[in-house]
Amino acid sequence: MRRSLYQCQSYTEQHVGDESDYEPQTICEHLQYLFALLQNSNRKYIDPSGLVKALGLDTGQQQDAQEFSKLFLSLLEDTLSKQRNSSLQNVIQQQFCGQFSYVTVCTQCSRSSARPSRFYELELNIQGHKNLTDCIIEFLKEEKLDGDNRYFCESCQSKQSATRRIRLHSLPPTLNLQLMRFVFDRQTGHKKKLNTYISFPEQLDMGVFLEGKGDQRCVYELSAVLIHRGVSAYSGHYIAHVKDPCTGDWYKFNDEEIEKMEGKKLHLGTEEDIAETAKSQTKKPKCSKGYHCSRNAYMLVYRLQEQCSSDSTKLTVEVPAFLKRLVDRDNQKFEEWCVEMSDMRKQSVDKGKAKHEEVKELYELLPVKDGDPYEFISLEWLKKWLDDSTATKEIDNSSFLCSHGKLHPDKVGECKRISVQAAQQLYNRYGGGPRLECSSLCRECVEQRCRVLRLKNQLNEDYKEVSNLVKQTPSENGFWIGKTSLRSWRQLALEQLETDEQETKHSNGETNGQGPNAIHSKEFSSENSEGNEEDMKVLNEDIVCSHGGLRIVENERKLVSAEVWAKLKTYFSNAPEFPQNQAPCQQCLTLEQEEKDNEAVSKMMAQEQKNQLPNLFQDKNRPTLTKWPQDTDILYIVPVFFVDEWKKFIRRPTKTSPVSNVGNSLLLCPHGGFMFTYESLLNGDTQHIALLWPSEWNIISRLFIVDQAISIRLCQESTSTGSAPQYITEPDLCWECREGFIFQQQRDLREYAQATIYIRKVIDDKMDTTPEPNASSSDAEEDKEETPKADEEIDPHLSQLQNGSKRIKLDESISTSAVPALVTNMTKAGGIRRSTRHRKLRGEKALIVSANQTLKELKIQIMHAFSVAPFDQNLSINGKSLTDDMATLGSLGVIPESVICLKADEPIADYSAMDDVFQVGMPEEGFKGTGLLGH
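Quick caveat, the model's predicted, so the values are computed rather than measured.

## Regarding the overall build of the protein chain
Part 1 of the argument: In terms of regular secondary structure, the protein chain is built from 25 helices and 35 strands.
Part 2 of the argument: Here the protein chain holds 935 residues, and 40% of them are scored as buried.
Part 3 of the argument: Of the contacts formed within the protein chain by residues at least 6 apart in sequence, a portion of 72% connects residues at least 24 apart.
Part 4 of the argument: Element-wise, carbon and sulfur atoms account for 48% of the exposed surface of the protein chain, whose accessible area totals about 53,300 Å².

Right, here's the structure in full:
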């Protein structure tokens, strides 16, 4: 095949210059160049990225080796068939293609029919077999066709029992044998690998299996073995063993690692060391001489013994002249690169020697003698300076400075004290700074640190003394302190001291609380965890009102003696101070009185409105459209949101603002028309409106601002047969907006994404209607009707509507132009109107689907959920069968919360069909590392 590829015409061959970079264009050109490089290149291995790109392969996915071989040979066959040279057009067929026939014989009339076919490899079932010969015999054995699988005989003109077998006619010079190790497990619904031992010979006589060849022998010699390492069908690694036809040596190819085997024999022992459980371990059987035994062999390649001749003239393949030039040019570039790498290594060695001499020279100058001047330098920089692998940067001491621009006391441990002579040479060679002399240590930071440490040590004693003094009754000259502040003052003092300590640190020099003070912090924090209920920042802020005065609530503060307050002032000099005779904030007192007056007015207003509209509040004696009341011919309509907000005010007049506006514009379109018909209100749209008696409307008109009155009137229309009731709304219905509203509803049901549907398995045409015992708590909570609290503290925005959907809170200030969108959103929030939320039944499972996915994709999901193959699934919704696999769920009428019935047929023993469906339906991520993506 390589010799034939070299003979292929190449457009690039005529346009290759000595200086231009060669870029193959076609697959044949890529293979030509790749083979030439493999044959004559000086490189250890060749990068096939060009060929990979030309084939359009995705390097992020692995493909089954046998399947790739089949597709690659088909591609080469198609490519070479377009060559002008007739001797090249059939190279693939002559080298790899064989002939066999499917022969069917009628049992009744003995008529024989044959269907010829070509093959590039023989796929052999290994389950239940121990050697290759048994696998080939099963491949060719006779199969009986009877029962439902009978054969239609053209002679008998009816279905008859028959026999069928495969008859081999011719074999190619290179025979590929595929050992079917990956099979489908119906119990788990996944592929599994058969890790059983199979023995195969070094010489294989296929003459006994050929028909019409007489005594002619077709002896093949083992040429290559492909190993699949790994116990699973979804992970593993391919390793190839290939025999050199010239020398007879065997080589193992493991990616870029190539290993020549000792001697002239194939050794597979090391490839059988796979990790497996003790339960599945089996002892390796003994192999006869001339045989090999493997539990991982995946593909076998045999070459006709005549083709395995050691005649060097037959095996030598000459590289075309233009490819030789290209390989020579690549070798030249490779050698130049090697020389360049060698020079770089030499330069690195020379640089290292120079650095070694420099370090040796300065190392003796670094130590400081007693009494001599010194400087501080970064210890981290010195480490990098001593490291030959990193480039030395200029000295940077900025991270060691405090806010005063001097050496911070906490950073002394990160510096190294060196002599002035050594520092001078380092700064001269590498630069940087600032230089930190022996007098650079910051005196202010040291003093501040000492002060904080003294106060921390004093804090424990002060805390004990304050705790004892607080228990005593204060004199007349006491001070007010917040109870929360009194509980947590020690923690506040500690935090403030730590803040003072942090302020002395540079932004780059924080120690993150480590050091001796961190122990005190943890100690105080654990002792005062109970007193830290509120996030206190300043002492006494808990008794300061919004106006800056003393809060009026007396039970939140405590009176302490002047001695206690003096102790606290040492830690909190800026804390708000309130003497015992300090009067509470007058503004707060005024506001408190106004609030009490307003609450009284609101209670009176709520009681008055409740007395005037008792039935509306208690939801009694309400008119309905399903049975029109006899004593009136007109009913009035208001938004249910208005009624909910009004009831909320009546229940909690002191906590809720009174309702002033009815807000009927919410139910009108931008043109001022009503958005609902009488029929739509009967069919469920009443969830958005509340009906009022005329007397109630008169009261509401007096109590509230009405932007637009909405009513529905009963009229009697005369007909030829008498009179018929007619219902008229005022304002009239706006058909244009109503149609758009309905269209939006229908589109929402057909264009959903990530919605939940339920699959209910039917057994013997019966469904189990028992609720699932482990129903989620969220379902139970949403099904449960919320009960009013003891203090009637119920939020109408979270109350349940009759159809189980949550109401949407609407702002009273919404403009009229936003009404259609709001009404649509109210419908969306409820979804599909149902009286109750769907409750899962036993044997039912929920799936997440989208409207644009196909029925076939849904069947794949069902297969994983119920372990039922797609072709065994009979699906129906509302009694209608779902059969079009390519149709989308939206077009089939599958909407959110739908229930689809699944009836499973009896499983069939067609493992290969199940295998095909499973491969097509599985997500690609599931096959990474296994090579099962070649569909």
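## Quick notes on the pattern of salt bridges
Part 1 of the argument: Applying the stated criterion across every chain, the model contains 25 salt bridges.
Part 2 of the argument: Between Arg111 and Glu154 there is a salt bridge, with its nearest N and O atoms 3.6 Å apart. Separated by 43 residues along the polypeptide, Arg111 in the loop between β1 (98-106) and β2 (112-119) and Glu154 in the loop between β5 (151-153) and β6 (158-160) bring together distant segments of the chain.
Part 3 of the argument: A relative accessible area of 28% places Arg111 in the partly exposed class.
Part 4 of the argument: Here Lys567 makes a salt bridge to Asp462, at a shortest N to O gap of 3.7 Å.

## Structural notes on the environment of Ile712
Part 1 of the argument: Here Ile712 is to be found in strand β29 (residues 711-719).
Part 2 of the argument: Separated by 75 residues in sequence, Ile712 and Ile637 place their C-alpha atoms 7.6 Å apart.
Part 3 of the argument: Those residues in contact with Ile712, other than ones at most four positions away along the chain, are Leu625, Trp628, Asp633, Ile634, Leu635, Ile637, Tyr678, Tyr727, Ile728 and Thr729.

## Here we look at the packing of aromatic side chains
Part 1 of the argument: Following the criterion strictly, the structure yields 16 aromatic pairs and no others.
Part 2 of the argument: Plain terms: the ring middles of Trp489 and Tyr571 are 6.0 Å apart, the flat faces sit at 50 degrees to each other, and that makes the pair tilted. Of the two residues, Trp489 sits in helix α13 (residues 483-503) while Tyr571 sits in helix α15 (residues 562-571), which places them 82 residues apart along the sequence. You'll find Trp489 and Tyr571 in the same group, each marked buried.
Part 3 of the argument: Between Phe617 and Trp646, the aromatic rings sit 6.3 Å apart at their centres with planes inclined by 85 degrees, giving edge-to-face as the arrangement. One end of the pair, Phe617, is in helix α17 (residues 614-618); the other, Trp646, is in helix α18 (residues 640-651), and 29 residues separate them in sequence.
Part 4 of the argument: Judged by its relative accessible area of 12%, Phe617 is buried.
Part 5 of the argument: Put simply, the rings of Phe100, Tyr102, Phe119 and Phe139 touch in pairs and so form one group of aromatic residues.
Part 6 of the argument: Across from the ring centre of Tyr374, 4.8 Å away, lies the NZ or CZ of Arg417, which sits over that ring.

## Considering the pairing of strand β27 (residues 634-639)
Side-chain direction in a regular strand flips from residue to residue, so the side chains alternate between the two faces of the sheet.
Part 1 of the argument: Among the six residues that make up β27, six are buried, leaving the element largely enclosed by the rest of the structure.
Part 2 of the argument: With burial as the criterion, each face of β27 is covered, one bearing Ile634, Tyr636 and Val638 and the other bearing Leu635, Ile637 and Pro639.
Part 3 of the argument: As paired elements, β27 and strand β28 (residues 689-692) share four bridges and run antiparallel to each other. What sits directly across from Val638, in β28, is Ala690.

## Comments concerning the sheet that holds strand β21 (residues 415-419)
Part 1 of the argument: One open sheet accounts for three strands, arranged β21-β19-β23; its pairing is antiparallel. Two strands lie at the open edges of the sheet, namely β21 and β23 (436-437), each paired on one side alone.
Part 2 of the argument: In the packing of helix α10 (residues 379-386) onto the sheet, contacts are made with β19 (374-378) and β21, and the angle to β19 comes to roughly 70 degrees.
Part 3 of the argument: Strands β19 and β21 of the sheet are contacted by helix α11 (residues 420-430), whose axis makes an angle of about 105 degrees with β21.

## So, the nonpolar core
Part 1 of the argument: Grouped together as the largest cluster of nonpolar side chains are 37 residues, with contacts concentrated most on Leu132 and Tyr302.
Part 2 of the argument: Elements with a minimum of two residues in this core: β3 (122-125), α7 (132-140), β7 (162-170), β8 (174-180), β11 (198-201), β13 (219-229) and β18 (297-304).
Part 3 of the argument: Apart from residues no more than four positions distant in its own chain, Leu132 is found in contact with Leu124, Leu177, Leu179, Ile198, Ser199, Phe200, Pro201, Leu204, Leu300 and Tyr302.
Part 4 of the argument: Membership of the second largest hydrophobic core comes to 30 residues, among which are Leu5, Cys8, Tyr22 and Leu73.

## Structural notes on the packing of helix α12 (residues 443-470) against α15
Part 1 of the argument: Running from amino to carboxyl end, α12 crosses α15 at an angle of 155 degrees, the nearest separation of the two axes being 10 Å. One element, α12, and the other, α15, form an angle in the roughly antiparallel class. Crossing handedness for the pair α12 and α15: left-handed. Only Glu563, Val564, Lys567 and Tyr571 of α15 make contact with α12, whose side of the interface consists of Leu455, Gln458, Leu459, Asp462, Glu465, Val466, Leu469 and Val470.
Part 2 of the argument: For the contact of α12 with α15, a count of residues per class yields seven nonpolar, one polar and four charged.

## Section: the packing of helix α2 (residues 27-40) against helix α9 (residues 321-363)
Part 1 of the argument: One way to put it is that α2 packs onto α9 with a least axis distance of 10 Å and a crossing angle of 60 degrees. Accordingly, the angle class assigned to the pair α2 and α9 is oblique. At the point where α2 passes α9, the crossing takes the right-handed sense. From α2, Gln32, Tyr33, Ala36, Leu37 and Asn40 reach across to α9, where they touch Phe322, Leu323, Leu326, Val327, Asp330 and Asn331.
Part 2 of the argument: Looking at the contact of α2 with α9, its residues break down into seven nonpolar, three polar and one charged.

Analysis parameters
- Once a new chain begins, its residue numbering starts again from 1 and follows that chain's sequence as written.
- Side-chain atom pairs in this predicted model are given and counted only at pLDDT of 80 or more, local residue features only at pLDDT of at least 70, and totals for whole chains, interfaces and linings cover all residues.
- Based on all heavy atoms of the structure, the side-chain values leave hydrogens and waters out of the count.
- The secondary structure listing takes helices from DSSP runs of H or I that are at least 4 residues long and strands from runs of E that are at least 2 residues long, numbered from the N terminus.
- In this scheme, a residue with accessible area under 20% of its type's maximum is buried, one over 50% is exposed, and one in between is partly exposed, where area comes from a 1.4 Å probe on protein chains only.
- The contact criterion used throughout is that any non-hydrogen atoms of two residues lie within 4.5 Å.
- Reported accessibility uses the Shrake-Rupley method at a 1.4 Å probe radius. Residues are deemed covered only where the shown protein chains occlude them.
- Whenever Lys or Arg places a side-chain nitrogen within 4 Å of a carboxyl oxygen from Asp or Glu, that contact is recorded as a salt bridge.
- In this analysis, rings of Phe, Tyr and Trp, with Trp reduced to its six-membered ring, are considered paired at centre separations within 6.5 Å, and the interplanar angle assigns stacked below 30 degrees, edge-to-face beyond 60, and tilted for intermediate values.
- Criterion for a charge above a ring: Lys NZ or Arg CZ within 6 Å of the ring centre, and within 35 degrees of the ring normal.
- Paired strands, as defined in this entry, are two strands with at least two bridges between them according to DSSP.
- Every axis in this analysis is a line fitted to C-alpha atoms, fitted for helices over the stretch in contact. Angles between the N-to-C directions lie between 0 and 180 degrees.
- The definition of a nonpolar core used throughout is a set of buried Ala, Val, Leu, Ile, Met, Phe, Trp, Tyr and Cys residues joined through side-chain atoms within 4.5 Å.
- Working rule for angles: under 35 degrees goes down as roughly parallel, over 145 as roughly antiparallel, 65 to 115 as roughly perpendicular, anything else as oblique.
- Definitions for this section: a left-handed crossing has its near helix turned counterclockwise from the far helix by less than a right angle. A right-handed crossing has that turn clockwise.
- Under the grouping applied here, Gly and all other residues not named as nonpolar or charged are polar, the nonpolar ones being Ala, Val, Leu, Ile, Met, Phe, Trp, Tyr, Cys and Pro and the charged ones Asp, Glu, Lys and Arg.

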